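Fold and contact review
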Amino acid sequence: MTTSESTTAAAGIHPTGPQPPKTPWSVILTRLACALLLLGALGWGYHGSEVDFAKLLRNRDNIAVFASEFIHPDFSDWRLYIEEIGVTLAIGLWGTFLAVLLAVPGGLLCASNVTPWWINQPVRRLMDAFRAINEMIFALLFIAAVGLGPFAGMLALFVHTLGTLSKLFSEAVETIDPRPVQGIRATGASKLDEIVYGVIPQVMSLWISYTLYRFESNVRSASVIGMVGGGGIGFLLFEAMNGYEFDRASAILILIIITVVIIDLVSSQIRKRFI
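Another point: the side chain of Ser166. Its place among the elements puts Ser166 in helix H8 (residues 150-174). With relative accessibility at 0%, the residue Ser166 sits in the buried group. Engagement of the side chain of Ser166 in a polar contact is seen with the backbone oxygen of Leu162, the distance being 2.8 Å.

Bringing the confidence of the model for the chain into the picture now. Across the chain, the average pLDDT comes to 87, with 92% of residues at or above 70. Low pLDDT, under 50, characterises residues 8-12; the stretch is placed with 3 contacts to residues that sit more than four places away or in other chains.

Taken as a whole and assessed by the stated rule, the structure comprises 4 aromatic pairs. Plain terms: the ring middles of Trp94 and Phe97 are 5.4 Å apart, the flat faces sit at 85 degrees to each other, and that makes the pair edge-to-face. Placement of both Trp94 and Phe97 in helix H5 (residues 78-110) is noted, with a separation of 3 residues, approximately one turn of the helix. Residues Phe169 and Trp207 carry aromatic rings whose centres are separated by 4.6 Å and whose planes lie at 20 degrees to one another, so their mutual orientation is stacked. With Phe169 in helix H8 and Trp207 in helix H10 (residues 191-225), this pair connects stretches of sequence that are 38 residues apart. The residues Phe169 and Trp207 share a single accessibility class, namely buried.

Scoring rules and cut-offs
Residues numbered from 1 in each chain as written. Predicted model: local features only at pLDDT ≥ 70, side-chain atom pairs only at ≥ 80, totals over all residues. Heavy atoms only, no water. Helix = DSSP H or I, 4+ residues; strand = E, 2+ residues; numbered from the N terminus. Buried < 20%, exposed > 50% of the residue type's maximum accessible area, 1.4 Å probe, protein only. Polar contact = N/O pair within 3.5 Å; in protein donor to acceptor, adjacent residues only side chain to side chain. pLDDT = per-residue confidence, 0-100. Contact = heavy atoms within 4.5 Å. Phe/Tyr/Trp six-rings, centres within 6.5 Å; stacked < 30°, edge-to-face > 60°.

Set out below in structure tokens:
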């Protein structure tokens, strides 16, 4: 062994270069346990969801009939479809707008670096409740309260979106750089000034991005809410599907897709300009 090799060996360095650290057994066992849990959950879900891909083959004749009508969309009532898509957009727009108005203070109240635990924890649990209940359930509740129509659908989207945006807004606030806030506090500014000049400028771009995404999601959700009487294009889609008028249903779905694509393109331009 040469002098340099002896020095390298004495220093505990392998002559062929540094070796990657060995993975501890605890990490290996943890990963194995997680893999087994995942496989177990998939196995449990396989039976619970009654997965049966062979059913697609057994019902291929029905699927063929269904598909043959879907590839021939009927746009004869396109004026009515466009009108109801406008209602759907209005539901999504107002549901998102009202949610943002309350999600700004709601997100700040949920943020652990802005409010003490005895404020943010109760507000978080309230927002969890709003978020945990699906828009369809809220739609049924508001239909029972205010009757059928777009107003009930808008209220359903508003409450659910409030819970979602408050969580997203609070998470953005909790990741801010605290130094600007500390600098503003050192000048003797009020708590409101700290939020307006130290917190909001750091999170505004994320808040805009979250809002645009939720508006797009709410337009899709408004289409579904219409199926239970919440107004908009969803009611026409529900009627077409129930009447096995798949050509009309196909036309409605195509218009919904076009609407969402346009919203996505507009949202992308807004993001590029303001974010």
